[in-house]
Amino acid sequence: MAILPIITAPDPRLKRTCRPVAAVDDEIRRMMDDMLETMYAAPGIGLAAPQVGVDLRVIVVDVAKEGSPPSPHCLANPEILWSSEDHALYNEGCLSLPEQFAEVERPAKVRVGYLDRDGKPRELEADGLLAVCIQHEMDHLEGVLFVDHVSRLKREMILKRLAKAKKRESESVPA
Ligand code: NI
């Protein structure tokens with residue numbers, strides 16, 4: 001397994017619509033494992049393939065609480081089969097927008113169809129943080145970031161803050 005570099009905004013690779021995987025083969029499985037390792041190391045609770053520069057419809061999530069046993073899910077070609085009419089607000093962050101957060105409203109519950117790590121078709125019903133996380137990661141497959149769900153003013157503020165942080169980082173002299 002390997003820890004992959006995570007792409008941060010703004011970057012055109014985060015704005016692409018990703019392609020479905022033809023089959024979950026060894027190459028895809030290796031990518032899923034690398035994505036999980038990268039996500040745990042970050043640390044984060046979800047990661048989508050475009051965040052590591054791959055334009056394929058693959059996401060990984062694990063919302064297990066700290067101290068609980070890990071509960072990883074690998075989803076290839078995920079599709080929302082049903083979403084609840086009731087919505088919920090959550091203060092979202094993203095490994096591609098480090099240290100930035102905003103409240104995003106999404107359906108509170110979803111049912112998702114996908115191929116698992118063995119290529120088996122599966123369905124998962126999610127609520128709470130898992131529902132938030134799956135919808136957030138699936139957005140990445142359409143080139144959508146959580147800031148695309150908030151007002152233009154808020155989005156510009158966050159992207160400006162991010163650009164400043166990036167500039168500071170690039171100017172700092174390595175010790
Ligand atoms: Ni994200």
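Heads up: these notes are all about the structure in this document. (Residues numbered from 1 in each chain as written. Predicted model: local features only at pLDDT ≥ 70, side-chain atom pairs only at ≥ 80, totals over all residues. Heavy atoms only, no water.)

### Here's the deal with the pattern of salt bridges
Oppositely charged side chains are able to pair whenever their charged atoms sit close together. The final tally for this structure, using the stated rule, is 13 salt bridges. Put simply, Asp-26 and Arg-29 hold a salt bridge, and the shortest N to O gap is 3.1 Å. Here Asp-26 pairs with Arg-29, and both are found in helix 1 (residues 26-41), just 3 residues apart, close to one helical turn. For Asp-26, a relative accessible area of 54% puts it in the exposed group. (Salt bridge = Lys/Arg side-chain N within 4 Å of Asp/Glu carboxyl O. Helix = DSSP H or I, 4+ residues; strand = E, 2+ residues; numbered from the N terminus. Buried < 20%, exposed > 50% of the residue type's maximum accessible area, 1.4 Å probe, protein only.)

### Brief notes about the coordination of the nickel ion
Protein-derived coordination of the nickel ion comes from Cys-94 (SG), His-136 (NE2) and His-140 (NE2), at a distance range of 2.1 to 2.2 Å. The sequence motif formed by the donor residues of the nickel ion is C-x41-H-x3-H. Here Cys-94, found in strand 4 (residues 87-94), pairs with His-136, found in helix 2 (residues 128-140); they are 42 residues apart in sequence, far enough to count as distant. (Donors = N, O, S within 2.8 Å, 3.2 Å for Na, K, Ca; no water.)

### Focus on the pairing of strand 5 (residues 97-107)
Sheet analysis places strand 4 next to strand 5, joined by 7 bridges and oriented antiparallel. Paired with Cys-94 across the bridge in strand 5 is Leu-97. Linking strand 4 back to strand 5 in an antiparallel pair, the connection comprises 2 residues. (Pairing = 2+ DSSP bridges.)

### A short note on the sheet that holds strand 1 (residues 46-48)
Ordered in space as 1-2-3-6-7, the 5 strands form an open sheet in which the pairing is antiparallel. Each end of this open sheet is capped by a strand with a single partner; those strands are strand 1 and strand 7 (121-127). Averaged over neighbouring strand pairs, the angle between their axes works out to 40° when direction is ignored. Inspection of the sheet shows strand 2 (residues 58-61) paired to strand 3 (residues 73-83) by 4 bridges, in the antiparallel sense. By the bridge assignment, Val-61 is partnered in strand 3 with His-73. Here helix 1 sits on the sheet and contacts strand 1, strand 2 and strand 3; the angle it forms with strand 2, its principal contact strand, is near 40°. (Axes fitted to C-alpha atoms, helices over the stretch in contact; angles between N-to-C directions. Contact = heavy atoms within 4.5 Å.)

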